[in-house]
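# Topology and contacts: notes
Now for the letters of each chain:
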Amino acid sequence: MGNLQRALRKEMWYLLFIVPGVCLFIMAVVIPLIMGARYSFTNWDGVSNKFAFVGWDNYVKAYQDPGFWAALGNTAKYALILTLLVNVFSLLLALVLDAFLPLRNVFRTIFFLPSVISIVLSGFIWSYNYSTGIPQLLSHFGLDVTSPLGNPDYALFGLILVALWQGIGSPMIIYIAGLQGIPQELSESAKIDGAGVWKSFRHITFPLLAPSVTINLLLVLTGSLKVFDLVFVTTNGGPGFATEVVSTYIYRTSFSSFQGGYGMALSMMFFLILVIVTVVQMSISRRREVEM
Amino acid sequence: MKKTRIAVFVLILVLALIFLFPLYIAVLMSVKTAKQTFDSFYALPSSLDFSNYLHAWQTSKFPVAISNSLIITGLSVVLIVLVSALAGYSIARRNKPFYNIIFLLFLSGMMIPFQVTMLPLYKLGKTLHMLNTHWGIILIYGGFGIQMGVLFYTAFIKQISREIEEAATIDGCSTPGIFFRVILPLLKPVTATVVVLNALYIWNDFLLPLLYLQDNQYRTIPLQQYFFFGQYSSDLNLAFAYAVMGMIPVIVFFLLMQKFIIKGIAAGAVKG
């Protein structure tokens, strides 16, 4: 009897331990998600307490909304280019900084430094550098440039550059950690066998680094698809529609044009797209990892 | 071979200088007056002038913003650590379907982007009177942070041998006693990871404070800066002084905690 009681009490403690976590999770994630799914079928304005159910109307509207597709296009362009650039740069830096190089710890700190400041700050600093700092510097070389953020053709690339500056830190650390997990003997024996730097990278280092590549591609891609702060504080979607991304478009629809129900339908579609991207990317990378 | 090494070193050095350039401009701007900037953009000022800082300190509510940031970041992190360690302990030790399902729910929650739930969260915050309070935003950060936290703690606790706990049980220690006296002290490495990752994220977060802390009294540093930059866009030297002021705490934190941050990111990648 005493044993059973003790076991029950123990079980009760375990249950009690998990309650706070479950409560917080339900409040911050589950309830908002259910509320959002429900609102996406209404004509809610986002403010008042009145709304009516309109069926799939919002989703049909989203499908026909050129603004949403344009924002989606901008987001895809931004995310793909940024993912590629961040990974190439951080891998190159990791390779160099993992090898012998004087002051490599100082360099690591410098390349990581931009990632710890807030995006509000980096957006502000870069807006100014684009408009004044860099043109001033280049004018010494006789070049005349204006801020890319004011030009619809270059604004998105201007933002990509800022995000690259801020986004290299973590992937670089992950690549360095991955490189340190590769046994030294492998590349040494390859060297003895006559493999050059490129060959030993292509056939030994890179395949063994595949898990780090997978995780970095996934983290940077999903992170950049969700971009909000940087666009919001620098260009706010402009000039024109040049840098409007899905997140800022949803924000504008929900909070500025008072179309809460419609904004939620856009959010749900965006969520679905993110899940598909994640699943597809994971399965492709995992298969590649096995093959190599 | 030696030549390539020197070439690589020079290349990295140049790249590092390019990386530091925007920050250099920010600091440079903050110690000059508008006239000095106009006369010679890149020159260092003849004498260091901190009046911009003094002025920024007086016109902004910097002390209020920094205490808001400290309170919100600090308490959120404590909440995340405690709640996820407790939940992680239960999940790791009761390897039963019920607990595993909860674990999977936490995991899949990490897929949901914030933008998807922001409008309902705002509505929820308004209904429950959580807007413009410290506790409201702390609870939401708690709900976000524990998803990753539980993942880390569960994996870590699973590797701790049960023998210590069994010995403690025989000695008459209750389950909470075991958790707080035996398990919690063993969790230091993983706690360091959870703390630094969440602290950096919460300290720099912009979107949730934008929704939840509109009131001047409750704004965190990034939000306060956002409004300050909008307000003083004509007095750039002043705005940059404020920018640098806001940058200092997080850079100091980074330099002190660098070892843990780097470890945390590497560990996070493996877990993910």
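Residues numbered from 1 in each chain as written. Chains lettered and ligands numbered in written order. Predicted model: local features only at pLDDT ≥ 70, side-chain atom pairs only at ≥ 80, totals over all residues. Heavy atoms only, no water.

Chain A has the name Sugar ABC transporter permease in an unreviewed UniProt entry, where Paenibacillus agri is given as its organism. Quoted verbatim from the Sequence similarities (unreviewed entry) heading of the UniProt record, the comment on chain A is "Belongs to the binding-protein-dependent transport system permease family." (UniProt positions renumbered as here; feature names shortened; annotations may be inferred.)

## Overview of the overall build of chain B
Along the backbone of chain B there are 13 helices and zero strands. Taken from the N to the C terminus, the helices and strands of chain B come in the order α-α-α-α-α-α-α-α-α-α-α-α-α. The C-alpha atoms of chain B give a radius of gyration of 23 Å, which is well past the 19 Å a tight globule of 272 residues would have. Dimensions of chain B, computed from the C-alpha atoms along their principal axes, are close to 75 × 65 × 35 Å. Counting contacts in chain B only where the partners sit at least 6 residues apart, residues at least 24 apart contribute 72% of the total. Averaging the coordinates of the 19 positive side-chain charges in chain B and doing the same for the 9 negative ones gives two points 8 Å apart. (Helix = DSSP H or I, 4+ residues; strand = E, 2+ residues; numbered from the N terminus. Rg over C-alpha atoms; globule rule 2.2 N^0.38 Å. Contact = heavy atoms within 4.5 Å. Lys, Arg positive; Asp, Glu negative; His and termini not counted. Charge placed at Lys NZ, Arg CZ, Asp CG, Glu CD.)

## Details of the packing of aromatic side chains
Considering all chains together, one arrives at 37 aromatic pairs over all chains under this definition. Ring centres of Phe255 of chain A and Tyr122 of chain B lie 5.6 Å apart, and the angle between their planes is 80 degrees; on these two criteria the pair is classed as edge-to-face. With Phe255 of chain A in helix H12 (residues 246-256) and Tyr122 of chain B in helix H6 (residues 114-127), the pair connects residues from two separate chains. Since its relative accessible area comes to 22%, Tyr122 of chain B is described here as partly exposed. Geometry around Tyr262 of chain A places Lys61 of chain A over its ring, the cationic atom sitting 4.2 Å from the centre. Between the NZ or CZ atom of Lys259 of chain B and the centre of the ring of Phe260 of chain B, over which it lies, the distance is 5.3 Å. (Phe/Tyr/Trp six-rings, centres within 6.5 Å; stacked < 30°, edge-to-face > 60°. Buried < 20%, exposed > 50% of the residue type's maximum accessible area, 1.4 Å probe, protein only. Lys NZ or Arg CZ within 6 Å of the ring centre and 35° of its normal.)

## A short note on the packing of helix H9 (residues 197-208) of chain A against helix H10 (residues 210-225) of chain A
Residues and elements named next belong to chain A. For the pair H9 and H10, interaxial distance at closest approach is 4 Å and the crossing angle is 60 degrees. Here H9 lies oblique to H10, going by the angle between them. Every residue of H10 that contacts H9 at Phe206, Pro207 and Leu208 is listed here: Ala210, Pro211 and Val213. When its residues are assigned to classes, the contact of H9 with H10 shows six nonpolar, no polar and no charged. (Axes fitted to C-alpha atoms, helices over the stretch in contact; angles between N-to-C directions. Parallel < 35°, antiparallel > 145°, perpendicular 65-115°, else oblique. Nonpolar A, V, L, I, M, F, W, Y, C, P; charged D, E, K, R; others polar.)

## A closer look at the domain arrangement of chain B
Residue and element names in this part refer to chain B. Each assigned domain of chain B is listed here: domain 1 (1-49) and domain 2 (55-270). In this assembly, domain 1 packs against domain 2 so that about 590 Å² is buried in total across both faces, 74% of it on carbon and sulfur atoms. Among the residues of domain 1 in contact with domain 2, Ala26, Met29 and Ser30 are the three that bury the most area, contributing 65% of the side total. Seen at the junction of domain 1 and domain 2, the total is one residue pair in polar contact (both at pLDDT 80 or more). Listing elements by their share of the side of domain 1 that touches domain 2, those giving two or more residues are helix H1 (2-30) and helix H2 (34-39). For the side of domain 1 that touches domain 2, the element with the highest residue contribution is H1, accounting for five residues. Tallied by class, residues from the side of domain 1 that touches domain 2 come to five nonpolar, three polar and one charged. (Domains from an automatic or database assignment. Buried area = accessible area lost by both parts, 1.4 Å probe. Polar contact = N/O pair within 3.5 Å; in protein donor to acceptor, adjacent residues only side chain to side chain.)

## Details of the pattern of salt bridges
Evaluated as defined, the whole model comprises four salt bridges over all chains. Here Glu165 of chain B makes a salt bridge to Arg93 of chain B, at a shortest N to O gap of 2.6 Å. Here Glu165 of chain B is found in helix H8 (residues 163-170), whereas its partner Arg93 of chain B is found in helix H4 (residues 62-93), with 72 residues between them in sequence. The class for Glu165 of chain B is buried, based on a relative accessible area of 7%. Judged by relative accessible area, Arg93 of chain B falls into the buried class, the value being 4%. Taken together, the salt bridges that share partners define one network made up of Glu11 of chain A together with Arg94 and Lys96 of chain B. (Salt bridge = Lys/Arg side-chain N within 4 Å of Asp/Glu carboxyl O.)

## Observations concerning the side chain of Asn204 of chain B
With respect to the helices and strands, the residue Asn204 of chain B is situated in helix H10 (residues 188-204). Judged by its relative accessible area of 14%, Asn204 of chain B is buried. Residues in contact with Asn204 of chain B, not counting those within four places in the same chain, are Val116, Ile117 and Ser118 of chain A together with Pro222 and Val250 of chain B.

## Brief notes about the interface of chain A and chain B
If you look at the interface, chain A gives 81 residues, while chain B gives 86 residues. Together, the buried faces of chain A and chain B total about 7700 Å²; carbon and sulfur atoms form 82% of this surface. Between the two partners, chain A and chain B, sit two salt bridges. Where Glu11 of chain A meets Arg94 of chain B, a salt bridge forms, and the shortest distance between an N and an O atom there is 2.8 Å. Sorting the residues of the side of chain A that touches chain B by element identifies helix H1 (2-39), helix H3 (66-98), helix H4 (104-116), helix H5 (119-139), helix H7 (169-180), helix H11 (229-234), H12 and helix H13 (260-291) of chain A as the ones contributing at least two each. Among the elements that line the side of chain A that touches chain B, the one with the most residues is H1 of chain A, at 21 residues. Looking at the side of chain A that touches chain B residue by residue, the class counts come to 59 nonpolar, 18 polar and four charged.

## Quick word on the confidence of the model for chain A
Overall, the prediction assigns chain A a mean pLDDT of 84, with 97% of residues at 70 or greater. Mean pLDDT values for the elements of chain A range from 77 in helix H8 (residues 184-192) of chain A up to 91 in H3 of chain A. (pLDDT = per-residue confidence, 0-100.)

## Observations regarding the nonpolar core
One broad trend across soluble globular proteins is that nonpolar side chains are buried collectively. Counting residues in hydrophobic clusters, the biggest one holds 172 residues, and the most contacted among them are Tyr78, Phe111, Ile117, Met172 and Tyr251 of chain A together with Ile140 and Tyr212 of chain B. A total of 14 residues in this core trace back to one element, the largest contributor, which is helix H13 (residues 236-271) of chain B. In this structure, this core is formed jointly by two domains, domain 1 (1-49) and domain 2 (55-270) of chain B, each of which donates at least three residues. (Core = buried A, V, L, I, M, F, W, Y, C linked by side-chain atoms within 4.5 Å.)

## Here we look at the environment of Tyr249 of chain A
All names here are of chain A. Residue position: Tyr249 is located in helix H12. Assessed through its relative accessible area of 14%, Tyr249 is described here as buried. Along the primary structure Tyr249 and Ala70 are separated by 179 residues, whereas in three dimensions their C-alpha atoms are 9.9 Å apart. With sequence-adjacent residues up to four places away left out, Tyr249 is seen in contact with Asp65, Gly67, Phe68, Ala71, Phe241, Glu244 and Leu266.

## Points about the UniProt feature "transmembrane region" (unreviewed entry) in chain A
Residue and element names in this part refer to chain A. With numbering matched to this structure, UniProt assigns "transmembrane region" (unreviewed entry) to residues 12-35, 78-97, 109-128, 154-177, 208-228 and 262-284. A helix fraction of 100% and a strand fraction of 0% characterise residues 78-97, whose end C-alpha atoms lie 27 Å from each other. Taken end to end, residues 208-228 is 81% helix and 0% strand, and its two terminal C-alpha atoms sit 34 Å from one another.

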